[in-house]
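Remarks on the overall topology
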Amino acid sequence: QLQLVESGGGLVQSGGSLRLSCAASGHTLDAYAIGWFRQAPGKEREGVSCISGSGDTTNYADSVKGRFTISKDNAENSVYLQMNSLKPEDTAVYYCAAGWGCTWYHADFATWGQGTQVTVSS
């Protein structure tokens, strides 16, 4: 069955960059929409970005537009989230998840990675 593993989180200063990776195994990612979600302490999990199975469609939350870029590499069976101009408000655990389409409802994504911590200091 499909499994997802995130990596690339860490501590970065405000204005810095991180690149998160979501590596898939068990199935090829072109069959799934892959979403990035994040959850800060005491807050609801929110959608950040999503890419369609074909890679033709990408979506971003308003809070990250112009700063984050989602991409995929079918050869590596991985999806990436390039995060630039990071702000302290971006601090959260970031998760990738697989679903049948790019929606903003986390319940629509059945397979989740374990999460990776992103901390942005001011």
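Now for a description of the structure that goes with this document. None of the values given here were measured: they were computed from a predicted structure.

1. Some points on the state of the cysteines
Applying the stated criterion across every chain yields a total of two disulfides. Note that Cys 50 is cross-linked by a disulfide to Cys 102, the S-S spacing being 2.0 Å. With the S-S bond torsion at -85 degrees, the cross-link from Cys 50 to Cys 102 turns out left-handed. Remark: Cys 102 occurs in the loop between β9 (92–99) and β10 (109–112) and Cys 50 occurs in strand β5 (residues 46–51); sequence separation between them is 52 residues. Its relative accessible area of 1% is what places Cys 50 among the buried residues. Residue classification places Cys 102 among the partly exposed residues on the basis of a relative accessible area of 30%. What links to what in the protein: the bonded cysteines, counted in sequence order, pair as 1-3, 2-4.

2. Quick notes on the environment of Gly 53
Position of Gly 53 relative to the elements: it lies in the loop between β5 and β6 (58–60). With 19 residues separating them along the chain, Gly 53 and Lys 72 place their C-alpha atoms 9.3 Å apart. Not counting chain neighbours up to four residues away, the residues in contact with Gly 53 comprise Leu 29, Asp 30, Tyr 32, Ala 33 and Lys 72.

3. Digging into the pairing of strand β11 (residues 116–121)
Along β11, the buried face is formed by Thr 116, Val 118 and Val 120; none of Gln 117, Thr 119 and Ser 121, which line the opposite face, is buried. The pairing of strand β2 (residues 10–13) with β11 spans four bridges and is parallel. Paired with Gln 13 across the two strands is Ser 121, which belongs to β11. Relative to β11, β9 runs antiparallel, the two sharing three bridges. Bridged to Val 93 within β11 is Gln 117.

4. With respect to the nonpolar core
Where a protein is soluble and globular, its nonpolar side chains tend to be buried together. Counting 28 residues, the largest nonpolar core has Ile 34, Trp 36, Leu 81, Met 83 and Tyr 94 as its most contacted members. For this core, the elements supplying multiple residues, two or more each, are β3 (18–25), β4 (33–39), β5, β7 (68–73), β8 (78–83), β9 and β11. When residues no more than four places from it in sequence are discounted, the contact partners of Met 83 are Gly 16, Ser 17, Leu 18, Leu 20, Arg 67, Phe 68, Tyr 94 and Val 118. Membership of the second largest hydrophobic core comes to five residues, among which are Ala 33, Phe 37, Ala 97 and Phe 109.

5. Observations concerning the pattern of salt bridges
The tally for this structure, following the rule as stated, stands at four salt bridges. Measuring nitrogen to oxygen at the nearest pair gives 2.8 Å for the salt bridge that ties Glu 46 to Arg 38. The class of Glu 46 is partly exposed, set by a relative accessible area of 35%. For Asp 90, the salt bridge goes to Arg 38, with nearest N and O atoms at 2.9 Å. Of this pair, Asp 90 sits in the loop between β8 and β9 while Arg 38 sits in strand β4; the two residues are 52 residues apart in sequence, bridging distant segments of the chain. Exposure class is identical for Asp 90 and Arg 38. Each is buried. In the salt-bridge network here, residues are joined through shared partners; they are Arg 38, Glu 46, Arg 67 and Asp 90.

Rules behind the numbers
Residues numbered from 1 in each chain as written. Predicted model: local features only at pLDDT ≥ 70, side-chain atom pairs only at ≥ 80, totals over all residues. Heavy atoms only, no water. Disulfide = S-S within 2.5 Å. Helix = DSSP H or I, 4+ residues; strand = E, 2+ residues; numbered from the N terminus. Buried < 20%, exposed > 50% of the residue type's maximum accessible area, 1.4 Å probe, protein only. Contact = heavy atoms within 4.5 Å. Pairing = 2+ DSSP bridges. Core = buried A, V, L, I, M, F, W, Y, C linked by side-chain atoms within 4.5 Å. Salt bridge = Lys/Arg side-chain N within 4 Å of Asp/Glu carboxyl O.

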